[in-house]
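Listed below, chain by chain, are the residues.
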Amino acid sequence: MWSILNVMPEHKFIVCSYSHNLSSGIVSWQSPSNIALVKYWGKYGEQMPMNPSISFTLNNCNTKTSVSFTKKSSEGFEFEVFLDGKREVSFDPKIRKFFERIETYLPFLKEFKFKIETSNSFPHSSGIASSASGMSALALCLMDMERQMQSSITEDYFKEKASFLARLGSGSACRSLEGPLIVWGEHIEIDGSSNLFGIKYPFQVHKNFQHYQDTILLVDKGEKQVSSTLGHDLMLDHPFAEQRFRQAKENLSKLIPVFKNGILSEFIRIVESEALSLHAMMMTSMPYFILMKPNTLEIINRIWKFREEKGSNVCFTLDAGANVHVLYPKSEKKTVSKFIEKELLQFCKNGEFIVDEVGLEAFKI
Ligand code: PMV
């Protein structure tokens, strides 16, 4: 028997007992990365977003994770993390913190010894955050274990809880379980939207956005200057916080007719404004940061010039770093690829870039 307490919304994810025992086994999942169009920046409580966000799920940037588990009798958490086959002790604190946060929802964690083996399709040092796809894949592996112990778990509950758990590892990870467009955070016009987990964007999406392209230009591959934890914290007493949260909500509202009618010019305005607003928040926090590099600006200016001259629909977005995501419709793939090759690759570190496009959900491997 398992019972669900119904006091707070998150209590539906607390399981009191399981119907089957597990002694050992292995589970493996592959999760996609995602790129936000309306950005999440600022949180409260346990990883709750101050504003709703929406992202494209990516197709080629992903993490594969296998979790081998064996029942143990000793106390405490026991795990080892391997990245590309090599023991990676630097991941331990993050995983320990994740386990501590989710133990209430997965009470079996201390009963097993885990070997977590993970690998990313993109280079670890690329500056592409692996935390979204990584935390999603790990959450799915742990949910897979839970499902083996409780076969009455429905597919919807499985996905919702996996997204809920991934969020507790890294906020944006809750948008890395399904595709092609995921909303996280309550929004008055989006039924079912929640601060607790990501949901599939529920409205019509025009064919202009099918297989939307994302070429990621690796401008700077170094360690992040500002961890996202610090960045989110800086929004707590940021002078422009309230306006920013309002702006994000409004931008998400504005995207609804844009997605429905395929209005690319408006899509570009919103997406680029979101990217620059995210960086403006960092530049106006205390302490302040500039995460863009001269080459980031050079790329942005070239994109604007090309768009103006050729009437193209290419645009950019940024994460909390210097790399540029060049976004464009599939129908412009040929011309924009040529433009990127001829004019933009010179600004990438060692000419490195990743060709990607909008993709679909995580899956079991
Ligand atoms: O998931 P976190 O805590 O690493 O935050 C990610 C924040 C951004 O990538 C900058 C924006 C977003 O919505 O993904």
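Described in the following lines is the structure provided in the data block. (Residues numbered from 1 in each chain as written. Predicted model: local features only at pLDDT ≥ 70, side-chain atom pairs only at ≥ 80, totals over all residues. Heavy atoms only, no water.)

Turning our attention to the packing of helix 1 (residues 92–102) against helix 3 (residues 155–169). Their axes nearest at 9 Å, the elements helix 1 and helix 3 cross at an angle of 130°. Here helix 3 runs oblique to helix 1, going by the angle between their axes. With respect to the hand of their crossing, helix 1 and helix 3 are arranged in right-handed fashion. For the pair helix 1 and helix 3, the contacting residues are Lys94, Phe98, Arg101 and Ile102 in the first and Leu165, Leu168 and Gly169 in the second. Its residues assigned to classes, the contact of helix 1 with helix 3 comprises four nonpolar, one polar and two charged. (Axes fitted to C-alpha atoms, helices over the stretch in contact; angles between N-to-C directions. Helix = DSSP H or I, 4+ residues; strand = E, 2+ residues; numbered from the N terminus. Parallel < 35°, antiparallel > 145°, perpendicular 65-115°, else oblique. Left-handed = near helix turned anticlockwise from the far one by under 90°. Contact = heavy atoms within 4.5 Å. Nonpolar A, V, L, I, M, F, W, Y, C, P; charged D, E, K, R; others polar.)

The immediate surroundings of the ligand are formed by 13 residues, with Tyr40, Ser172, Arg175, Ser228 and His232 found nearest. In the environment of the ligand, an oxygen atom lies 2.6 Å from a nitrogen or oxygen atom belonging to the side chain of Ser172. His232 is positioned such that a nitrogen or oxygen atom in its side chain is 3.0 Å from an oxygen atom of the ligand. Out of a free accessible area of 380 Å², the ligand has 92% covered by protein chains. Of the residues belonging to the shell around the ligand, the class tally is five nonpolar, five polar and three charged. When we break the shell around the ligand down by domain, the ones giving at least three residues each are domain 1 (9–202) and domain 2 (209–357). (Near = heavy atom within 4 Å. Polar contact = N/O pair within 3.5 Å; in protein donor to acceptor, adjacent residues only side chain to side chain. Areas by Shrake-Rupley, 256 points an atom, 1.4 Å probe, with all protein chains shown as cover. Domains from an automatic or database assignment.)

Enumeration according to the criterion identifies 25 aromatic pairs in this entry. When the centroid spacing of 4.5 Å and the interplanar angle of 65° are considered together, the rings of Tyr40 and Trp184 count as edge-to-face. One end of the pair, Tyr40, is in the loop between strand 1 (24–38) and strand 2 (43–44); the other, Trp184, is in strand 8 (residues 181–184), and 144 residues separate them in sequence. A connected cluster of aromatic rings, assembled from ring pairs, spans Tyr18, Phe69, Phe77, Phe79, Phe98, Phe99, Phe108, Phe112 and Phe114. One cation-aromatic arrangement involves Lys110 over Phe77; the distance from NZ or CZ to the ring centre is 4.9 Å. The ring of Phe82 carries the charged tip of Lys115 above its face, separated from the ring centre by 5.0 Å. (Phe/Tyr/Trp six-rings, centres within 6.5 Å; stacked < 30°, edge-to-face > 60°. Lys NZ or Arg CZ within 6 Å of the ring centre and 35° of its normal.)

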